[in-house]
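Residue-level structural notes
For reference, the chains in residue letters:
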Amino acid sequence: MMNIRQICARPLWRRLPGVLLAGLVSGCNGLQMLDALTPQSGYTVQNDIVFQPGPRGKMDFYTPSPGTATGRPGVIFFYGGGWQDGKRQDYRFIGQSLAEAGYRVAIPDYRLFPEVRYPQFLNDSAAAVRYARTVWGAETPLVLVGHSAGGHIVLMLALDPDYLGPDRQAVAGVIALAAPADFEPDEPYRTILDYDRVGRAALPIGHIRADTPPLLLLHGEADSTVYPRNSRTLAAALKAAGAPVETIFYPSVSHSGIIGAMSPALSFLAPARADVLAFLTRLQP
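This one's a predicted model, so the numbers in the text were calculated from it and none came from an experiment. (Residues numbered from 1 in each chain as written. Predicted model: local features only at pLDDT ≥ 70, side-chain atom pairs only at ≥ 80, totals over all residues. Heavy atoms only, no water.)

**Here we look at the packing of aromatic side chains**
Scanning the entire structure with this criterion turns up eight aromatic pairs. Residues Tyr43 and Tyr62 carry aromatic rings whose centres are separated by 6.0 Å and whose planes lie at 35° to one another, so their mutual orientation is tilted. Note that Tyr43 is positioned in strand E1 (residues 43–50) and Tyr62 in strand E2 (residues 58–64), a separation of 19 residues in sequence. The burial state of Tyr43 is the same as that of Tyr62; both residues are buried. (Phe/Tyr/Trp six-rings, centres within 6.5 Å; stacked < 30°, edge-to-face > 60°. Helix = DSSP H or I, 4+ residues; strand = E, 2+ residues; numbered from the N terminus. Buried < 20%, exposed > 50% of the residue type's maximum accessible area, 1.4 Å probe, protein only.)

**Some words on helix H12 (residues 272–283)**
The terminal C-alpha atoms of H12 lie 17 Å apart, and with 12 residues this matches the ideal 16 Å at 1.5 Å per residue to within 8%. Of all the positions in H12, only Ala272, Arg273, Asp275, Val276, Leu277, Phe279 and Leu280 are classed as buried. (Expected span 1.5 Å × (residues − 1).)

**Let's talk about helix H10 (residues 229–241)**
The end-to-end C-alpha distance of H10 is 18 Å, a good match for the 18 Å that 13 residues give at a rise of 1.5 Å each. Burial in H10 covers these residues: Asn230, Ser231, Leu234, Ala235 and Leu238. One side of H10 holds all its buried residues, which, seen down the axis, span an arc of 115°. Turning to H10, the residues buried within the fold contact helix H6 (149–159), strand E7 (215–220) and strand E8 (245–250). Backbone geometry just after H10 places Gly242 at a positive phi near 95°. (Arc of directions from axis to C-beta. Contact = heavy atoms within 4.5 Å.)

**A look at the sheet that holds E7**
Taking strand neighbours across the sheet as the criterion, the eight strands line up as E1-E2-E4-E3-E5-E6-E7-E8 in an open arrangement whose pairing is mixed. Because the sheet does not close on itself, it has two edges, and the strands there are E1 and E8. Recorded for the sheet is a direction-independent mean angle of 15° between the axes of neighbouring strands. Sheet topology note: the E7/E8 ladder contains six bridges and is parallel. Within E8, the residue paired with Leu216 across the bridge is Glu246. Here H6 sits on the sheet and contacts strand E3 (74–78), strand E5 (142–147), strand E6 (171–177) and E7; the angle it forms with E5, its principal contact strand, is near 145°. (Pairing = 2+ DSSP bridges. Axes fitted to C-alpha atoms, helices over the stretch in contact; angles between N-to-C directions.)

**Some thoughts on the pattern of salt bridges**
Enumeration over the complete set of coordinates arrives at 17 salt bridges. Its salt-bridge partner being Arg88, residue Asp109 comes within 2.5 Å of it at the nearest N-O pair. Of this pair, Asp109 sits in the loop between strand E4 (105–108) and helix H5 (120–136) while Arg88 sits in the loop between E3 and helix H4 (92–100), placing them 21 residues apart in sequence. Residue Asp109 shares its accessibility class with Arg88, and that shared class is buried. In this structure, Arg168 engages Asp211 in a salt bridge whose closest nitrogen and oxygen atoms are separated by 3.9 Å. Within this pair, whereas Arg168 is found in the loop between helix H7 (161–164) and E6, its partner Asp211 is found in the loop between helix H9 (195–198) and E7, the two being separated by 43 residues in sequence. Accessibility expressed as a relative area gives 9% for Arg168, which makes it buried. One salt-bridge network, in which partners are shared between bridges, spans Asp48, Arg56, Asp60, Arg88 and Asp109. (Salt bridge = Lys/Arg side-chain N within 4 Å of Asp/Glu carboxyl O.)

**Considerations on the pairing of E3**
Summarising burial for E3: five of the five residues are buried, a large majority. Burial along E3 is two-sided: Gly74, Ile76 and Phe78 and Val75 and Phe77, pointing in opposite directions, are all buried. With five bridges connecting them, E3 and E5 associate as parallel partners. In the strand pairing of E5, Ile76 is matched with Leu144.

**Regarding the packing of H4 against H12**
Two elements in contact, H4 and H12, have axes separated by 11 Å at closest approach and are oriented at 50°. Taken together, the axes of H4 and H12 lie oblique to each other. Relative to H12, the crossing made by H4 is right-handed. Touching Ser97, Leu98 and Glu100 of H4 are Arg273, Val276, Leu277 and Leu280, all from H12. Of the residues belonging to the contact of H4 with H12, the class tally is four nonpolar, one polar and two charged. (Parallel < 35°, antiparallel > 145°, perpendicular 65-115°, else oblique. Left-handed = near helix turned anticlockwise from the far one by under 90°. Nonpolar A, V, L, I, M, F, W, Y, C, P; charged D, E, K, R; others polar.)

**What to know about the side chain of Ser231**
Looking at the element boundaries, Ser231 is found in helix H10. Within the structure, Ser231 has its side chain in polar contact with the side chain of His219 (distance 2.7 Å). Apart from the residues lying within four places of it in its own chain, the contact partners of Ser231 are Leu217, Leu218, His219, Thr247 and Phe249. (Polar contact = N/O pair within 3.5 Å; in protein donor to acceptor, adjacent residues only side chain to side chain.)

Written out as structure tokens, the structure is:
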């Protein structure tokens, strides 16, 4: 990959994708750059909707142009950050990207470590799902989408019925991007997941079952943060149990690159957005 000096020496229109990618790899700055480039028209946003008490008990709703969401599932997106970082305001590009395609989108916050540890952030996420269902109506099917720690969250909500209870029946599909699904955690993740007490019950691999909604696992082959084997071993176990699961692996795509590719501005990285939209289309009646 080019260094930042090489990128900045190019004309602005040619260097923009490289600047975005370099910023995305560095973390927050990349998300802020994507946000700055995200169109603010073609959809409406309701910010700071309270779904449970506390400063991280809020969510944002993105609604596409009137009429376009008819008959389509509602999408709930959970961001990553190692269960320690992240905020919904940094992911407007996800709300815009999916709303532009005609889907209603909810992006909630959830409490983070060290305020909470497993399973409290999963309980928060389940509360967000239940609230979104009340807003959109009980007849609206739901698709849960998550990246990294958010991918872990959506898989746990789908695989362990204790979190959503009867609302699990409303989940029509799950999409996990670069999800930590099967690994031996070291610190601080061992503490965050309360692994010494609960072991593999804190991971999706500990909840293999056949009666799951359709699952799509996306992963970059160049991911050195959450290794691709997480998705491979989870998919193999689910398939062996008879669960409906698909996998797509992208060559040379990193952990940050796969979520960046959900933005049209970085679609050159991988066809992740197109694959997500194709999966959502297959879920429609």
